[in-house]
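# Overview (structure and organization)
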Amino acid sequence: MNLSTDHLAIRTTCAYCGVGCGVQATPKGDGTFAIAGDKQHPANMGRLCVKGSALGETVGLEGRLLYPQVREADGLRRVSWDQALDKVAGEWQRIIAEHGPDAVALYVSGQLLTEDYYVANKLMKGYVGSANIDTNSRLCMSSAVAGYKRAFGEDLVPVCYEDLELADMIVLVGSNTAWCHPILFQRILKAKEARPEMKLVVIDPRRTATCELADLHLPVKAGTDVWLFNGLLSYLSRIGAVDPRFIEQHTNGFEAALDVAHADCADPAVVAKICRIDLPLLLEFYELFAATSKTITAYSMGVNQSSAGTDKANAIINCHLVGGRIGKPGMGPFSITGQPNAMGGREVGGLANMLAAHMDLERAEHRDVVQTFWESPAMADKGGLKAVDLFNAIEEGKVKSVWVIATNPVVSMPDADQVRRALGKCELVISSDIMQDTDTTVYADVLLPALGWGEKDGTVTNSERRISRQRAFLDAPGEALPDWKILSLFAQRMGYQGFDFSGQHAVFDEHARLSGFRNSVDDVPRAFDMSGLAGLNQRAYDELAPTQWPARRTAGGTLRIDARLFEDGVFAHADGKARFIATAPRLPRHAVSEDYPLSLNTGRVRDQWHTMTRTGKSATLADHIAESFVDMHPQDALLSGVKEGELARITSDWGAMVARVQHGGGIPRGSVFIPIHWNDQTASDARVGAVVNPVVDPVSGEPEFKHTPVRVEQFRVNWHGFILSRDALNLDSIAHWTRIQGREFARYELAGRNTVKNYPEWSRALLGVSDPDADWLEYEDKTAGVYRAVHVVNDRIEQCIFMSPRQDMPSRAWLASLFVKEALSEIDRVGLLVGIPVEKGADTGPTVCSCFGVGRNTICNAILEKDLKTVPEVTACLKAGGNCGSCVPEIKKILVQTRVEAEEARL
């Protein structure tokens, strides 16, 4: 009899992107948990992308930091919490006494829960008395924040997810939504299926997976977004597609913004030339926008991560203000956040230039509100150091100690080698993390173990301003503590009052109460108000359902929720009006040159997240894209002297890294794309952050991750190879390697510059096989330079190594399948020696659908054998594409390619 376990499920929230999907974790009875989407959560209604679905694979304790440690001359030493926090408090007291409060800093993360963020911000700004607290959210959405504040008077996302389904047109700008926010993308596609007349426009220099399902793709030159949208503003004004009444009654600054737009962008032909798109394509977009009042313009990193990111955001917002396309269902400018709690960090003032509860650090009356509420002894009275400036100040010796919490800046920051130098020079580096070994923790003088997803308990806020609970369903490992607790214990050692929280619910309550405290300075109420959630006891907090803000109590005590903002046409500036912002277009500061002729763009891939600290533990997520790559146009590759499949070195004025060349087919001439995820724990030399230039937006401080001049050169090697091993290996002697997590093994992709004279001897030494009587199968072709060997223990494959002077070697998918077998068959052994599977269908090919583990070969075979013609037919046959849908664009391409190749073969 099957009994439902739903009553045992813990409802929590996903740890990844800003969509904020609800998750159910249900105990299986063996100490593990089944992960599924929460059908009751309004963000995802039961659907999860492959990253969310694989969360259960990432909660193991392998590599976890479990105890406080202090670095001494001979290495790290385990200490008690009292010893660790006493050391940090003592050093901070000394540094502050000698150099002032601005000599210390916190660098935190959008991975923190709101409660953690709140305590960190309160500690630094209200007690230490410095605004030197910044966050990795500076790297992803601070330009969107600055754009909203300039236009609306407060950091306010005006729309909700429902608006995506109510819109008649959605414009995605600088957002590969199909891969980076797949559940939102599936909501868009579902709405489009119900209303085929709904238009989807994608504006992106690359032809991404998102473009495969769009009605219109504008492949604009990177960095030309302001020209594009200034041109749209000018066009809308010229043809009369404006709302004069809305402009007059609800906005300021229209004429100035329009004058700037007309100055450079009045002629669509000029705009098309600058943006490097065909004029008919540009006019088609302009005409569609003008004719479609219910338009959502959703934008993400392609807009934000720019030295003109704030102006790009405001150029987009201007085009919505001019027609009054805001505050109504199905319309508005929508910044899609990248991290699970970047929004929560914005609420509590987690950026160096913000105060808590959306108050302004530069306004004395706002500082007074916060200090009065906190009853704090000090209050920062000027903005602190933003991320890039912070690490420069550390290297210069101005900041003597930095506490890094839940982030990995040695990988994620631009000019990342500078960050490495800075931490190496810093007097005292503290790291609160869940992992023992990261590129950043190796520089820590004090390591503090924090709780991870599934262990910690609190709230996060998603892109539509919806507060959701992350609930614990795992015991705290070792001596790990929640970040809010670590910071509170530290604050008490510093002698500060106001940090004796009884639990995370008490932190949340204080946060909610502050949002409503004196919330009408100058008679202008702040839109951020969640005071209706104040007063929750532990049980009510535990049971809190996903709730959007503003959340206020009416006079009768009823909780009032506003799903979308500005429906009354009243904005957060003192006069209640929105602002048009004049955005003069400008190119990135660093232009390509003869020495650096290509423009580097960086971003995510489908199945990985940030610096892979969590996703790198999942075999499911490793299957789709196994190693870092540089995607480039074939003509640029030819001019650079590199070929597809080869390794290449990518160099800028700031650093270099190595990646494998690929021709994805969606990259324009003059540009290259490299993913952000790989680091020194997963590859020998793949930190793209070391290559990225450190120029920032002058308003937001967000770095220019989408444009760095680089050159690409061949990375010469003598041989290629790969290893699958149940045991971890030391590969320091190998010129290039990448580690990929498999099921019951780790896979290593290798390339060497050395000359191997004795393959058997060298391979045994590399794999650590010293027993001369070990069950060792091997094949060697000395003339061709081909070698493969398999180490078998008790009839199970333990390790295998394949080497060749060529890159094209046996299928890793087939070999990986052998590691789950209890014993190798004779046919398996034969296949290992000849280098190919003997059984038909054993090689499923590279993974396409990670949710169901469906490989490319399986899909191609099914298309041909069953005459499949559509994606739904593939899904019905193989399940591929039937969960999160992020592989649907790839399946669509495979369908076309396979049928075309079959037809050509027939002819």
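A brief report on the enclosed structure follows. The model shown is predicted, which means the values in this text are computed figures rather than measured ones.

A few words now on the sheet that holds strand β34 (residues 796-804). Here six strands make up an open sheet; going across it, the order is β30-β31-β29-β34-β33-β32 and the pairing antiparallel. Two strands in the sheet have a free side with no partner beyond their single neighbour: β30 (736-741) and β32 (775-781). Taking the axes of each pair of neighbouring strands and ignoring which way they run, one obtains an average angle of 10 degrees across the sheet. Sheet topology places strand β29 (residues 719-725) next to strand β31 (residues 746-752); seven bridges connect them, and they run antiparallel. In the sheet register, F722 faces β31, and the bridge partner there is E749. Strand contacts of helix α25 (residues 759-767): β29, β32, β33 (786-793) and β34, with the helix running at about 130 degrees to β34, the strand carrying the most contacts.

A side chain with one charge can pair with a side chain of the opposite charge if their charged atoms come near. According to the stated counting rule, one finds 60 salt bridges in the structure shown. Note that R586 and D311 form a salt bridge whose closest N and O atoms lie 2.8 Å from each other. Taken together, the residues R586 in the loop between β22 (578-579) and β23 (598-603) and D311 in helix α14 (residues 309-321) connect sequence positions 275 residues apart. For E395, the salt bridge identified is with K425, shortest N-O distance 3.6 Å. Placement of the pair is E395 in helix α17 (residues 387-395) and K425 in helix α19 (residues 416-425), with a sequence separation of 30 residues. Given the relative accessible area of 55%, K425 is considered exposed. One network of salt bridges, in which partners are shared, links E91, R94, E98 and E427.

Bringing the pairing of strand β14 (residues 401-405) into the picture now. Counting buried positions along β14 gives five out of five residues, so the element sits mostly inside the fold. Neither face of β14 is open: one carries S401, W403 and I405, the other V402 and V404, and all of them are buried. Note that β14 and strand β15 (residues 428-433) share five bridges and pair parallel. By the bridge assignment for β15, S401 is matched with L428.

Turning next to the pairing of β29. The buried count for β29 comes to seven of seven residues, which makes it a mostly enclosed element. Relative to β34, β29 runs antiparallel, the two being bridged by six bridges. Bridge pairing in β34 places L724 opposite C800.

This brings us to unusual backbone geometry. For the bond from W549 to P550, the omega torsion is 0 degrees, close enough to zero to count as cis. The topology assignment puts P550 in the loop between β19 (547-548) and β20 (551-553). Its identity is not glycine, yet M45 carries a phi of approximately 50 degrees, on the positive side. Here M45 falls in the partly exposed class, since its relative accessible area comes to 46%. At E375, a residue that is not glycine, the phi angle is positive and equals roughly 55 degrees. Structurally, E375 is set in the loop between α16 (364-374) and α17.

This next bit is on the sheet that holds strand β18 (residues 466-470). Spatially, the three strands line up as an open sheet ordered β17-β18-β19, and their pairing is antiparallel. Of all the strands in the sheet, the pair left with one neighbour each is β17 (458-461) and β19. Strand direction decides the pairing type here: β17 and β18, joined by four bridges, are antiparallel. Across the sheet, residue T461 finds its bridge partner in β18, namely I467.

To continue, consider the environment of E62. With respect to the secondary-structure elements, E62 resides in the loop between α1 (50-53) and β4 (69-72). Residue E62 is classed as exposed on the basis of its relative accessible area of 55%. The spatial distance from the C-alpha of E62 to the C-alpha of T613 is 11 Å, given a sequence separation of 551 residues. Discounting chain neighbours no more than four positions away, the residues touching E62 are M435 and K617.

Moving on to the side chain of K125. One can find K125 in helix α3 (residues 114-128). Of the side chains with opposite charge, D134 lies nearest to the buried K125, which makes no salt bridge, at 7.3 Å. Among the polar contacts made by the side chain of K125, one reaches the main-chain carbonyl oxygen of L351 at a distance of 2.8 Å. Residues within four places of K125 in sequence aside, it is in contact with S130, A131, I133, G349, L351, A352, M354, L355, A378, M379 and A380.

Here we take up the state of the cysteines. By definition, a disulfide is the covalent link that joins the sulfur atoms of two cysteine residues. According to the stated counting rule, one finds zero disulfides in the structure shown. C49 takes part in no disulfide bond, and the closest cysteine sulfur, belonging to C884, lies 5.7 Å away. Here C860 stays unpaired: no disulfide links it, and the sulfur of C877, its closest cysteine neighbor, is 13 Å away. C860 sits in the buried class, given a relative accessible area of 16%.

Glancing now at the packing of α3 against helix α20 (residues 483-493). Between two packed helices, the angle of one axis relative to the other and the distance separating the axes together describe the packing. Orientation of α3 relative to α20, taken along the N-to-C sense of each, is 25 degrees, at an axis distance of 8 Å. One element, α3, and the other, α20, form an angle in the roughly parallel class. Taken as a pair, α3 and α20 cross one another with a handedness that is left-handed. Residues E115, D116, V119, A120 and L123 of α3 form the contact with α20, whose own contacting residues are D483, W484, L487, S488, F490 and A491. Grouping the amino acids of the contact of α3 with α20 by side-chain chemistry returns seven nonpolar, one polar and three charged.

Turning our attention to the environment of L166. Relative to the helices and strands, L166 is located in helix α5 (residues 161-166). Remark: the alpha-carbon pair of L166 and L639, spanning 473 residues in sequence, is separated by 47 Å. With near-sequence residues (within four places) excluded, L166 lies in contact with R195, K294, P329, G330 and R564.

A contiguous nonpolar patch, built from Y779, I827, V830, L833, V834, I836 and V838 and spanning about 580 Å² of accessible area, is present on the exposed surface. Locating V830 in the fold gives a position in helix α27 (residues 826-834). Accessibility expressed as a relative area gives 43% for V830, which makes it partly exposed.

Turning our eyes to something else, we now look at α27. D828, R829, G831 and L832 are the residues of α27 that are buried. Seen end-on, α27 carries its buried residues on one side only, within an arc spanning 160 degrees. Residues of α27 that are buried sit in contact with β32, β33, β34 and α26 (812-818). Trailing α27 by a residue or two, G835 shows a phi angle of about 90 degrees, which is positive.

Attention now moves to the packing of aromatic side chains. What the rule picks out here adds up to 28 aromatic pairs. Look at W92 and F490: their rings are 5.4 Å apart centre to centre, the planes differ by 85 degrees, and that puts the pair in the edge-to-face class. Of this pair, W92 sits in helix α2 (residues 81-99) while F490 sits in helix α20, placing them 398 residues apart in sequence. Overall, the relative accessible area of 0% leaves W92 in the buried class. A relative accessible area of 0% means that F490 is categorised as buried. Relative to F152, the ring of Y148 lies with its centre 5.6 Å away and its plane at 25 degrees, an arrangement referred to as stacked. Pair noted here: Y148 and F152 are both in helix α4 (residues 142-152), with a separation of four residues, about one helical turn. We note that Y148, like F152, is buried. Every member of this aromatic cluster is reached through a ring pair, and the members are F229, Y235, F285, Y286 and F289.

Analysis parameters
- Starting from 1, residues in each chain are numbered consecutively following that chain's sequence as written.
- Under the rules for a predicted model, residues below a pLDDT of 70 receive no local features and side-chain atom pairs below 80 are neither given nor counted, while totals for whole chains, interfaces and linings still include all residues.
- Hydrogen atoms and water are omitted, and side-chain values are computed over all heavy atoms in the structure.
- Strands pair, by our definition, only if DSSP identifies at least two bridges between them.
- Counting from the N terminus, the helices are DSSP H or I runs at least four residues long and the strands are E runs at least two residues long.
- Structural elements are reduced to axes, namely lines fitted to C-alpha atoms, with helices fitted over the stretch in contact, and the angle between N-to-C directions of any two is expressed from 0 to 180 degrees.
- Only heavy atoms enter the contact rule, under which two residues are in contact if any of them lie within 4.5 Å.
- For salt bridges, the criterion is a side-chain nitrogen of Lys or Arg within 4 Å of an Asp or Glu carboxyl oxygen.
- Accessible area is worked out with a 1.4 Å probe on protein chains only. A residue is then buried under 20% of its type maximum, exposed over 50%, and partly exposed in between.
- The positive count covers Lys and Arg only, the negative count covers Asp and Glu only, and His and the chain ends enter neither.
- By the criterion applied in these results, polar contacts are pairs of N or O atoms within 3.5 Å in which, for protein atoms, one can donate a hydrogen and the other can accept it, and in which residues neighboring in sequence qualify only through two side-chain atoms.
- Pairs of cysteine sulfur atoms within 2.5 Å are identified as disulfides in what follows.
- We call two directions roughly parallel when the angle between them is under 35 degrees, roughly antiparallel when it is over 145, roughly perpendicular when it lies between 65 and 115, and oblique otherwise.
- Should the near helix be turned anticlockwise from the far one by less than a right angle, the crossing is termed left-handed; should it be turned clockwise, right-handed.
- Side-chain classes are defined by residue name, with Ala, Val, Leu, Ile, Met, Phe, Trp, Tyr, Cys and Pro counting as nonpolar, Asp, Glu, Lys and Arg as charged, and the others, Gly among them, as polar.
- Patches were defined on residues exceeding 30% relative accessible area and lacking a salt bridge, with like-charge contacts within 9 Å and nonpolar side-chain contacts (Val, Leu, Ile, Met, Phe, Trp, Tyr) within 5 Å.
- The protein chains shown are the only cover counted for residues, whose accessible areas, like all others here, come from Shrake-Rupley with a 1.4 Å probe.
- Note that the arc is defined by the directions from the helix axis to the C-beta atoms.
- Here a pair means two rings of Phe, Tyr or Trp (six-membered ring of Trp) with centres within 6.5 Å. Their orientation is stacked below 30 degrees between planes, edge-to-face above 60, and tilted elsewhere.

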